[in-house]
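# Commentary on secondary and tertiary structure
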Amino acid sequence: MVTDSRTSKSIKNSLVALAFYFINLVLQFFSRKVFLDYLGAEILGLNTTATNLLQFLNLAELGIGSAIACTLYKPLLEKDTVAINEIVSLQGWLYRRIAWIVIVGSLVLMAFFPWIFAKMPLPLWYAYASFGVLLVSALLSYFVKQIVLSADQKEYKIQYSYKASMLIKTLCQILAIRYLRDGYVWWLVLEIVFAIVASLVLNRMVRQTYPFLETKLGRGRELSRKYPAIIKKVKQLFFHKIGSFALTQTSPIIIYAYTTLTVVALYGNYMLVILGIQTLMTAIFNSMNAGIGNLVAEGNRKQIMSVFEELFSVRFLFTCIMCFGVFMLTPLFIILWVGNEYVMDTMTLLLMTVTLFIQLNRTTVDAYINAYGLFGDIFAPVTEASINICLSVLLGYFWGLNGVLLGVLISLFLVVFCWKPYYLFRKALKQRLKLYIIMYVKHLSVAIVSIILIYSVLKFVPMHSFESALSSFVYGVFITILYTLILLSMFYFLGLGLNRFIRRIQSMMNGRK
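Right, let's walk through the structure included here.

Thresholds applied
Residues numbered from 1 in each chain as written. Predicted model: local features only at pLDDT ≥ 70, side-chain atom pairs only at ≥ 80, totals over all residues. Heavy atoms only, no water. Helix = DSSP H or I, 4+ residues; strand = E, 2+ residues; numbered from the N terminus. Rg over C-alpha atoms; globule rule 2.2 N^0.38 Å. Contact = heavy atoms within 4.5 Å. Expected span 1.5 Å × (residues − 1). Bend = angle between axes of the 7 residues up to and from the residue. Salt bridge = Lys/Arg side-chain N within 4 Å of Asp/Glu carboxyl O. Buried < 20%, exposed > 50% of the residue type's maximum accessible area, 1.4 Å probe, protein only. Patch = residues over 30% accessible without salt bridge, like charges linked within 9 Å, V, L, I, M, F, W, Y side chains within 5 Å. Areas by Shrake-Rupley, 256 points an atom, 1.4 Å probe, with all protein chains shown as cover. Axes fitted to C-alpha atoms, helices over the stretch in contact; angles between N-to-C directions. Parallel < 35°, antiparallel > 145°, perpendicular 65-115°, else oblique. Lys, Arg positive; Asp, Glu negative; His and termini not counted. Charge placed at Lys NZ, Arg CZ, Asp CG, Glu CD. Core = buried A, V, L, I, M, F, W, Y, C linked by side-chain atoms within 4.5 Å.

## Side note on the overall build of the chain
The number of helices and strands found in the chain is 21 helices and 0 strands. The C-alpha radius of gyration of the chain comes to 23 Å, within 12% of the 24 Å expected for a compact globule of 513 residues. Judged by the C-alpha coordinates and their principal axes, the chain covers about 60 × 60 × 45 Å. Sequence separation of 24 or more characterises 83% of the internal contacts of the chain that already satisfy a separation of 6 or more.

Structure (structure tokens):
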């Protein structure tokens, strides 16, 4: 039996995460529908903007979680409880300092709310209340030690405790908006209450799993000198956080500057679909990241490269399927979900889909970079953020929403698509980049051939040939399934990394019999 293998742990984590993902997905889309119907696009746009402002302050987190995770892999592998306690104590000390920085930054930012929300047709207290509630929820996450569960391949316990509480919260918020007066006030109250409950439940789970875990925040300064590599990685990760923020959080703010809260809400609807896809990929694959860290800690270079090829192939397959489905089905889904007036133009969708493709495809490279703690390329995120913001502002001035999205796409292509693989192969894997390029070209060629075959089918029965949006959507689902079968068959029979991954799963399952 191989019950304690990296693969079996990853599968367990993925299955539990997928179950919670699909439940949460249904609730989130239903919640947004109720939010729009009963509170309106303006309040939804306000909520989105307040969230993005808070994400800006969360830059102060500096990437501490990632630095701690890659440092925990080796002590967890060797069951070194002393080192685990010290590293988690250092994390707690750092987070306490960060919490004060975020609080002070929030107070300063809130002083500018009368100017930031000058165009908002709602009372100003809505902005203060929304931001304040989201701030408290974010601060509570700094005092939870869930990083140990993640690094130890026990993500499923986080799902059972924290994510279950969040699902109950969303359901209660839907009912409050639908049936109570002052629905948005109740939404805010429930946001705080369940943030507290979820944090308490998760902390209890950590204590039960690791009874030896004892944090001593008073030793923080001493431990920062004992583990200088963590402090160094935290400083490096701050710059990477800036790049990530510029990619994900500045776009709605820039869009709002050029348009209105209503356009932000429309963009938010599409982003909710894309975020759902990204969360699905996270549910499937993030549970493998700790296993990669464990593999890197062992140091078997041949096995490290073999697993990289397998994971790249599997993730590329899922990425192609997801992006094809997003482009084919999103407009029809929006019509069925919230109405025809919320559909955006095809060029906007195309830009968002290509951006999604690069973001999803980067995850294998990113997982290995995180496992190695390879954060020294601080110029890359700074360059990415500069290109992103400058081009988004410039192109947004001329082409509005599409210009902002094009700026994001260009920065992603230059830094994430081109630089990151080169950096990983040169600094960590010690392999020629040519291997990665050949691997990528093979997979991309198969994906393009599959799309050409599918569009030859669409010539005979086009999507617009159906009378209702529901019929077109069902047909789109059929086309996406057909594309999946063609792509899967070609990946498997052409001997790409996918077939080795499938054989690994089969071998593990046979070992359980």
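## A look at helix α18 (residues 379-429)
At 3.6 residues per turn, the α-helix brings residues three or four places apart onto the same side. The first and last C-alpha atoms of α18 sit only 21 Å apart over 51 residues, clearly below the 75 Å expected at 1.5 Å per residue. The largest bend along α18 reaches roughly 155° and is located at Trp-399. Phi turns positive, to about 55°, at Lys-430, one or two residues after α18.

## Details of the pattern of salt bridges
Tallied over the entire structure, the rule returns 10 salt bridges. For Asp-37, the salt bridge identified is with Lys-33, shortest N-O distance 3.6 Å. With Asp-37 and Lys-33 both in helix α1 (residues 6-39) and 4 residues apart, the pair spans about one turn of that helix. Between Arg-362 and Asp-366 there is a salt bridge, with the nearest N and O atoms lying 2.6 Å from each other. Here the two residues Arg-362 and Asp-366 agree in accessibility, since each one is buried. One network of salt bridges, in which partners are shared, links Glu-86, Arg-219, Glu-222 and Lys-226.

## Things to note about a nonpolar patch on the surface
A surface patch of nonpolar side chains, about 980 Å² in accessible area, is lined by Trp-125, Leu-171, Leu-175, Tyr-179, Leu-180, Val-185, Trp-186, Val-189, Val-193, Val-197 and Val-201. Of all the elements in the fold, those that place two or more residues in the nonpolar patch are α8 (155-179) and α9 (183-209). Looking at the nonpolar patch, the element that brings in the most residues is α9, giving 6 residues. Counting through the fold element by element, Val-197 comes out in helix α9.

## A closer look at the packing of helix α3 (residues 64-78) against helix α14 (residues 289-298)
Two elements in contact, α3 and α14, have axes separated by 9 Å at closest approach and are oriented at 75°. As summarised for this structure, α3 and α14 are arranged roughly perpendicular, according to the angle between their axes. Touching Tyr-73, Lys-74 and Leu-77 of α3 are Asn-289, Ala-290, Gly-293, Asn-294, Ala-297 and Glu-298, all from α14.

## Here's the deal with a positive patch on the surface
There is a patch of like positive charges on the surface, built from Arg-96, Arg-97, Arg-221 and Arg-225. Listed by contribution, the elements that provide at least two residues to the positive patch are α4 (81-110) and α10 (220-226). By secondary structure assignment, the location of Arg-225 is in helix α10.

## Section: the nonpolar core
In terms of nonpolar packing, the biggest core is built from 164 residues, with Phe-308, Tyr-368, Leu-424 and Leu-487 touching the most fellow members. No other element matches helix α15 (residues 301-337), which puts 20 residues into this core. Look past the residues within four positions of Phe-308 in its chain and what remains in contact with it is Thr-364, Val-365, Tyr-368, Leu-424, Phe-425, Leu-429, Tyr-436 and Met-439. The next biggest cluster of nonpolar side chains, apart from the first, holds 5 residues, and it includes Met-166, Leu-190, Phe-194 and Ala-198.

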